[in-house]
Amino acid sequence: MAGAGGRAPLGLRRWLSSAAPAPRVCVVGSGPAGFYTAQHILKHHGGALVDIYEKLPVPFGLVRFGVAPDHPEVKNVTNTFTQTARSGRCGFYGNVTVGRDVTVPELQRAYHAVVLSYGAEDNRVLGIPGENLPGVYSARAFVGWYNGLPENQDLKPDLSCETALILGHGNVALDIARILLSPLQLLRKTDITDSSLAALACSKVKRVWLVGRRGPLQVAFTIKELREMINLPGARAVLDPADFTGLESAVKDASRPRKRLTELMIKTALEKPVEMQAAAAGAAAPREWGLKFQRSPQEVLPSADGRRARGVRMALTRLEGLGDSAKAIPTGDVEELECGLVLSSIGYRSLPLDPAVPFDSQRGVIPNSSGRVEGVPGLYCSGWVKRGPTGVIITTMNDSFDTAQSLLEDLQGGVLDLSPSREGFGLVESILHSRGVRPVSFSDWEKIDAAEVARGKAAGKPREKIVDPAEMLRIIGH
Amino acid sequence: MKETGEREASATGECPGLWDDGQLGSATLRVTRQKAQPLPGCCLLSAQELGPLGNWDLLYLRWTPLSFANLSYSSENQVTVHFINRDGERLTTTAKEGESLLEVVVNHNLAIDGFGACEGTLACSTCHLIFDKDTFQKLDAISDEELDMLDLAYGLTDTSRLGCQVCVKKWMDGLTVRVPMDVSDMRRQLEVGKQSKQ
């Protein structure tokens, strides 16, 4: 018999055979962090009951609303999440906003442990003049728009210009560039919303610049996304070889990921002349994209009539220090980049959920130690609200397993109050009922899911997302 | 690697990590696999790539009694594979030639948490496995796309591969691969280290 040693003691797995009351755990947020935390607890504790609360009527958070529509492979994680949700020991309660419909202290009274996995629902702002001009959007809102996030459905970005400027060198920036430049026939087969597809069909954008304050050695995107962009059909990479001078030797001793990423950029930059010959020969790609470095946005410039953005004034920078810790210092020189569309992709940000929960507003995270919220026994956090809004799916998976492990250790160590009076959802249900809130169950979601898949089928898409929560609720007869 | 001793576990018998909810938390590899990647096409290629099976007999002779027992009733394309999971446990199973190592883990419900999140579509690095040097050198070439995902793996080594991209072949019989530790394992090791210093 294997598995007896290791992560969870046998006693926990065999919980059902003992007389002790089942620990009730509540998870706030049904994105990857919430589901991976729940999965780990359920898997390593044979008796624990886990309830997942979600603000929207539909589960999976950023897997549904963040992962790009042309990355369906990543969305395969929802198959595992669905297995977890269908477990007899897991409850899903959508359409419940924690902090409004039910407070964290109320959840703490109903559950033996509460895990906050609600992610990063806000974005960092540039804090420069002109930021609120029409034509300037946050990457978060733009991603939410094309992914069908209800709150962003009114964004209706103006895509009537030829040049878009994305501020940021992360994977979200590359996602947006790819969506803006992808051939329509590729997007048509994805679960991108019908309305954003229609808007992209009319888009005049044919050039996208991704601009960062620092240099090629500080880019935050990962190589898979860069390679995808380089290989995008019908779009040409425009990288200035001068930006990469001397970098080959600089990355000789760098970590393998940084080295390979940099080498791919160098290779692409040096290949450019060949491609330009091809372009001259008439095989021109109608669209292009490029990376611009060491430019810090100073002001979004208004058009003559002052009614929309026409460009961004950039402060040129020099780098002080090396590697990840290099700082961009303005040189005093400026440059204006013309563009009609500005997308600010400089990071997401978590918000405090409840006055009862400590929050580090400087770092935008809940202060914690291995997922244990500082100073509040029985309260935990995982995912972006725990460590900040970075990383890929495996980062969040490991991070969530780590939090779940802390919780299991506390259960085992008798740290948690396991009084039977904490009756879990039973208690929350009456609170929600008194406030007129009707939760959406996982089987309700499966009806919405089926409706979406059916609608998509007609159009040859994996699904057509329903973007109006009221319509979701109508489908399930609420 | 945490040394908690190696226990033999026949995955076909009592499933390690199996509990009342069945396969919770393991990848499924069902009909839903999205956007089939240019996977190496294990099942299609393996027959040709196996060649003359030159050293198959040698390997066969070195088999452990457990594998031997399997051979006695199963067809020739059964290969014994050992996985050492994050807890240091040795999980031994019988794989079919042509299966990817990810499929081996999933089909036998081996106790490796979070393995194969993207279900073998080269979109994550959760099926990261570490090989010994000699075996690693004998594996098929690595694609850029696999290297790209490996770059994001935890505990990357010079002999790391993604389990979804390595297909079982006859010469691999007796293969041992190791699951790298994740952050929580490292943390627990740190804590143990701290405690022992106190």
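Residues numbered from 1 in each chain as written. Chains lettered and ligands numbered in written order. Predicted model: local features only at pLDDT ≥ 70, side-chain atom pairs only at ≥ 80, totals over all residues. Heavy atoms only, no water.

1. Describing the overall build of chain B
And then number 1: Helix and strand counts for chain B come out as 7 helices and 5 strands.
And then number 2: Along chain B, helices and strands appear, N-terminal first, in the series α-α-α-β-β-α-β-α-α-β-β-α.
And then number 3: Taken across its 198 residues, chain B has 55% of its residues classed as buried.
And then number 4: Surface summary for chain B: the accessible area is close to 9,100 Å², and the carbon and sulfur share equals 55%. (Helix = DSSP H or I, 4+ residues; strand = E, 2+ residues; numbered from the N terminus. Buried < 20%, exposed > 50% of the residue type's maximum accessible area, 1.4 Å probe, protein only. Areas by Shrake-Rupley, 256 points an atom, 1.4 Å probe, with all protein chains shown as cover.)

2. A short note on the overall build of chain A
And then number 1: Tallying secondary structure elements over chain A gives 17 helices and 18 strands in all.
And then number 2: Over its C-alpha trace chain A gives a radius of gyration of 24 Å, about what one expects of a compact globule, namely 23 Å for 478 residues.
And then number 3: Along the three orthogonal principal directions, the C-alpha set of chain A runs to about 75 × 50 × 45 Å.
And then number 4: Buried residues in chain A amount to 58% of all 478 residues.
And then number 5: Considering only intrachain contacts with a sequence separation of at least 6, the fraction spanning at least 24 residues in chain A is 74%.
And then number 6: Summed over all atoms, the accessible surface of chain A reaches about 18,800 Å², with 53% contributed by carbon and sulfur. (Rg over C-alpha atoms; globule rule 2.2 N^0.38 Å. Contact = heavy atoms within 4.5 Å.)

3. Regarding the UniProt feature "binding site: NADP(+)" (unreviewed entry) in chain A
All names here are of chain A.
And then number 1: In the UniProt entry, the feature "binding site: NADP(+)" (unreviewed entry) is given for His 169, Gly 170, Asn 171, Val 172, Arg 213, Arg 214, Glu 225 and Gly 391.
And then number 2: Secondary-structure assignment places Asn 171 in helix H7 (residues 171-181).
And then number 3: Relative accessible area serves as the criterion here: at 19%, Asn 171 is assigned to the buried category.
And then number 4: Residue position: Gly 391 is located in the loop between helix H13 (384-387) and helix H14 (393-412). (UniProt positions renumbered as here; feature names shortened; annotations may be inferred.)

4. Re helix H15 (residues 425-434) of chain A
All names here are of chain A.
And then number 1: Among the residues making up H15, those that are buried are Phe 425, Val 428, Ile 431 and Leu 432. Buried residues in H15, looked at end-on, bunch into an arc of 120°, giving them a common side. Exposed residues on H15 whose side chains face more than 90 degrees from its buried face are His 433 and Ser 434.
And then number 2: At its buried positions, H15 is contacted by strand S2 (49-53), strand S3 (90-93) and helix H5 (104-110).
And then number 3: Gly 436 sits one or two residues past H15 and shows a positive phi near 70°. (Arc of directions from axis to C-beta.)

5. A look at the confidence of the model for chain A
And then number 1: Here chain A shows a mean pLDDT of 93. Residues at 70 or above account for 93%.
And then number 2: Segment residues 1-11 of chain A is flagged for pLDDT under 50; beyond a separation of four residues in sequence, or across chains, it makes 35 contacts in the model. (pLDDT = per-residue confidence, 0-100.)

6. Some remarks on the packing of aromatic side chains
Two aromatic rings are characterised by how far apart their centres lie and by the angle between their planes.
Residues and elements named next belong to chain A.
And then number 1: All chains considered together, the criterion is met by 16 aromatic pairs over all chains.
And then number 2: Geometrically, the ring pair formed by Tyr 36 and Phe 401 is edge-to-face, given 5.8 Å between the ring centres and 90° between the ring planes. Placement of Tyr 36 in helix H2 (residues 32-44) and of Phe 401 in helix H14 is noted, with a sequence separation of 365 residues between them. Of the two residues examined, Tyr 36 and Phe 401, each falls in the buried class.
And then number 3: Centroid distance Phe 142 to Tyr 146: 5.7 Å. Interplanar angle 85°. Geometry classified as edge-to-face. With a gap of 4 residues between them, Phe 142 and Tyr 146 both fall in helix H6 (residues 139-146), about one helical turn apart.
And then number 4: Taken together, the ring pairs in this structure connect Phe 35, Tyr 36, Phe 60, Phe 81, Phe 92, Phe 401, Phe 442 and Trp 445 into an aromatic cluster.
And then number 5: Directly above the aromatic system of Trp 209 lies the positively charged group of Lys 292, at a separation of 4.1 Å from the ring centroid. (Phe/Tyr/Trp six-rings, centres within 6.5 Å; stacked < 30°, edge-to-face > 60°. Lys NZ or Arg CZ within 6 Å of the ring centre and 35° of its normal.)

7. A look at unusual backbone geometry
All names here are of chain A.
And then number 1: In the Ramachandran plot, Asn 95 falls in the positive-phi region, its phi being about 70° despite a non-glycine side chain.
And then number 2: By the element assignment, Asn 95 lies in the loop between S3 and H5.
And then number 3: Not every positive phi belongs to a glycine, and Gln 294 is a case in point at roughly 50°.
And then number 4: You can see Gln 294 is positioned in the loop between strand S10 (287-292) and strand S11 (295-302).

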